[in-house]
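Tertiary structure, described
Chain by chain, the residues run as shown.
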Amino acid sequence: DNFQDLKYVNDESKEFMAPMVVMKGSALVGKTITQAQLRGLPGLFLVSIDRAGGESLHAVDPETVLEVIMLLAAICNGPTCVESVFAEDVLWFSGDLEAMATLRKVAGLRHQEDHQSRKVGIKAMHRRLVQA
């Protein structure tokens with residue numbers, strides 16, 4: 001039997017993943033992970049980065065520079081203008097629920113879901129975190 005030596009850990013802590021976006025114009029843009037103090041956060045681990053340019057980085061180097069890139073410059077045709085479109089780095093953190101709450105306090109980061117929840121018009125106080 002392949003599972004005879006398997007040991008179960010009875011650990012009450014639950015791990016979550018959270019995608020945090022580097023905000024355009026924030027002080028984090030152009031800084032390394034180390035300079036931005038995003039390494040060694042208590043109870044959190046930076047798992048990967050989905051780069052603004054489309055690349056995914058795993059086992060993130062502490063000297064990785066955070067980016068926001070312009071995909072499309074503002075275009076105006078008479079009185080009608082299309083706003084500039086930017087792509088932002090998405091940082092994937094792993095950690096327990098209490099540690100996840102501290103991520104929202106990091107200036108220059110926002111939860112990726114924040115943009116989506118504005119579309120549906122549901123206030124944060126009416127949303128719930130559900131563990132499946």
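Overview of the structure. Predicted model only: the values in this text are computed from it and were never measured.

As a further point, take the overall build of the protein chain. When helices and strands are counted, the protein chain shows 2 helices and 9 strands. Mapped in sequence order, the helices and strands of the protein chain form the string β-β-β-β-β-β-β-β-α-β-α. Looking at the protein chain as a whole, 30% of its 132 residues are labelled buried. Sequence-distant contacts, at least 24 apart, represent 66% of the contacts inside the protein chain between residues at least 6 apart. Accessible area of the protein chain: about 9,500 Å², with a carbon and sulfur share of 55%.

The next subject is the pairing of strand β2 (residues 44-50). Note that β2 and strand β8 (residues 90-95) share 6 bridges and pair antiparallel. For F45, the partnering residue across the bridge sits in β8 and is S94. Where β2 lies against strand β3 (residues 56-58), 3 bridges are found, and the strand directions are antiparallel. Looking at the pairing, D50 lines up with S56 of β3.

Turning our attention to the sheet that holds strand β9 (residues 109-111). Ordered by their spatial adjacency, 5 strands build an open sheet running β3-β2-β8-β1-β9, and the pairing between neighbours is antiparallel. The sheet terminates laterally at β3 and β9, the two strands that pair on one side only. Each neighbouring strand pair of the sheet contributes to a mean axis angle of 35°, computed without reference to strand direction.

Tallied over the full model, the rule gives 3 salt bridges. In this structure, the salt-bridge partner of E88 is R110, at a minimum N-O distance of 3.2 Å. Residue E88 is found in strand β7 (residues 85-88), and its partner R110 is found in strand β9; the two are separated by 22 residues along the sequence. With relative accessibility at 22%, the residue E88 sits in the partly exposed group. Overlapping salt bridges bring together R51, E67 and D89 as one network.

Turning our eyes to something else, we now look at the environment of L109. Relative to the helices and strands, L109 resides in strand β9. Apart from the residues lying within four places of it in its own chain, the contact partners of L109 are M20, V21, V22, M23, L28, L38 and F93.

With that settled, consider the environment of I33. Within the secondary structure layout, I33 lies in the loop between β1 (16-22) and β2. Since its relative accessible area comes to 0%, I33 is described here as buried. I33 sits 31 residues away from T64 along the chain, and the two C-alpha atoms are 5.9 Å apart. Excluding its chain neighbours within four sequence positions, the residues that come into contact with I33 are L38, R39, L46, I49, V60, D61, P62, T64 and L66.

By size, the foremost hydrophobic cluster in this structure holds 22 residues, and its most contacted members are L38, I49, L66, L91, F93 and L109. Secondary-structure elements contributing two or more residues to this core are β1, β2, β8 and α1 (97-103). Broken down by element, the residue count for this core peaks at 4 residues, all from β1.

Calculation notes
Residues numbered from 1 in each chain as written. Predicted model: local features only at pLDDT ≥ 70, side-chain atom pairs only at ≥ 80, totals over all residues. Heavy atoms only, no water. Helix = DSSP H or I, 4+ residues; strand = E, 2+ residues; numbered from the N terminus. Buried < 20%, exposed > 50% of the residue type's maximum accessible area, 1.4 Å probe, protein only. Contact = heavy atoms within 4.5 Å. Areas by Shrake-Rupley, 256 points an atom, 1.4 Å probe, with all protein chains shown as cover. Pairing = 2+ DSSP bridges. Axes fitted to C-alpha atoms, helices over the stretch in contact; angles between N-to-C directions. Salt bridge = Lys/Arg side-chain N within 4 Å of Asp/Glu carboxyl O. Core = buried A, V, L, I, M, F, W, Y, C linked by side-chain atoms within 4.5 Å.

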